[in-house]
Amino acid sequence: MRTLNRLKWLQAFEATARHGSFTGAANELGVTPAAVGQLVRALEEWVGHPLLTRIRSGNERLTLISEAQDALDDITAGLDKLEAGLKKLRGRKARSVLVVTASQVFVMNWLMPRLNKFSEQNELIDVRLDVADRLIDLSHGEADIGIRCGTGHWKGLVADWMMDEEVVMICSPSALPASGAENVQWLFEQKLIQDDTPHPGANFPSWESVLQKVGLESVQQTRLHINSTATVIQAALSGRGVALVRKALVQQDLDIGRLVQLFPENRWPISWSYYVVSSGSSLKRPEVKAFRDWMLSDVRVK
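- UniProt lists a comment for the chain under the heading Sequence similarities (unreviewed entry), and it reads "Belongs to the LysR transcriptional regulatory family."

1. What to know about the pairing of strand E3 (residues 96–102)
Okay, so step 1: Most of E3 sits inside the fold, with six of its seven residues counted as buried.
Okay, so step 2: In this view, the connection linking E3 to its parallel neighbour strand E4 (residues 125–131) by way of helix H5 (residues 104–121) has right-handed handedness.
Okay, so step 3: Direction of pairing for E3 relative to strand E5 (residues 145–150): parallel, over a ladder of two bridges. Across the sheet, Thr-101 pairs through a bridge with Gly-146, a residue of E5.

2. Topic: the nonpolar core
Okay, so step 1: With 62 residues, the main nonpolar core has Met-162 and Met-169 as its most contacted residues.
Okay, so step 2: Discounting residues that sit within four places of it in the chain, Met-169 has contacts with Leu-187, Trp-207, Val-210, Val-214, Val-242, Ala-243, Leu-244, Val-260, Gln-261, Leu-262, Phe-263 and Trp-268.
Okay, so step 3: Counting 19 residues, the second-largest nonpolar core is a separate cluster that includes Phe-22, Val-36, Val-40 and Leu-43.

3. Some words on the packing of helix H1 (residues 7–19) against helix H2 (residues 22–29)
Okay, so step 1: Relative to each other, H1 and H2 sit at 120°, their axes nearing to 7 Å. Viewed along their axes, H1 and H2 adopt a mutual orientation that is oblique. Along this stretch, H1 crosses H2, giving a crossing that reads as right-handed. The segment H1 lies against H2, with Gln-11, Ala-12, Ala-15, Thr-16, Arg-18 and His-19 engaging Phe-22, Gly-24, Ala-25, Glu-28 and Leu-29.
Okay, so step 2: When grouped by side-chain class, the residues that make up the contact of H1 with H2 number five nonpolar, four polar and two charged.

What counts, and at which threshold
Residues numbered from 1 in each chain as written. Predicted model: local features only at pLDDT ≥ 70, side-chain atom pairs only at ≥ 80, totals over all residues. Heavy atoms only, no water. UniProt positions renumbered as here; feature names shortened; annotations may be inferred. Buried < 20%, exposed > 50% of the residue type's maximum accessible area, 1.4 Å probe, protein only. Helix = DSSP H or I, 4+ residues; strand = E, 2+ residues; numbered from the N terminus. Right-handed = clockwise from strand over helix to strand, strands pointing away. Pairing = 2+ DSSP bridges. Core = buried A, V, L, I, M, F, W, Y, C linked by side-chain atoms within 4.5 Å. Contact = heavy atoms within 4.5 Å. Axes fitted to C-alpha atoms, helices over the stretch in contact; angles between N-to-C directions. Parallel < 35°, antiparallel > 145°, perpendicular 65-115°, else oblique. Left-handed = near helix turned anticlockwise from the far one by under 90°. Nonpolar A, V, L, I, M, F, W, Y, C, P; charged D, E, K, R; others polar.

Here it is in structure tokens:
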């Protein structure tokens, strides 16, 4: 005989295990953290021993005991099966929700123009964007899938390469000389916008190396230092100076002429690339796999 009267206990326990906290589970389930804690404790009383322990590593997080970890995969698979069965009962009206995370500037300038195509091909999947410049915790279910730029190594996550990245020199068309074409003398007179955002391991080019490559050496020019890539791009758009930025983040602005790529004959590739990242458990969900496969195929047919 199935003990489905304990389903709420299992749902609360599984969500807590994924998020690593009662608060994260509560946000997903639409209840209070206290209610989630009470459901988990009821399950612990039924099995006769604790299932979670608290660890402190920066923020306090709940972690599973080893016996509970062995059972979690079966519980998750069972809940997924139940969800799939409910969707079959609803038939063609069944919809899935997919939470996608990426940085603000990437979403606005690269992802948003493409999302309509995914929605047209996957009418029963609703996409919810979690836009954040911090790294969302995908391993504990804060989002289902993400797009990240980096070296491709994120502990506990599956990372699929999308595309390489390079740095380009940009400015507003209004900042160009009257002739409409940039030159070394014109560049000598421009303010340089310095992106002070950390790029660990990216080998992001310095202004010194870039200026030397285009023919300016030992030049001391006025600089505007900004510790936000999105604001760097906005400063360039408003004509405040010349900036070095990752190309994917300004591709749309370049395509529609809001920005101009300067000295395009020169290239500054970096060590970072773009990856579609997710946890192994998330990839078992059809809607997550559909988005991952679509992202990879859409990029590679360009």
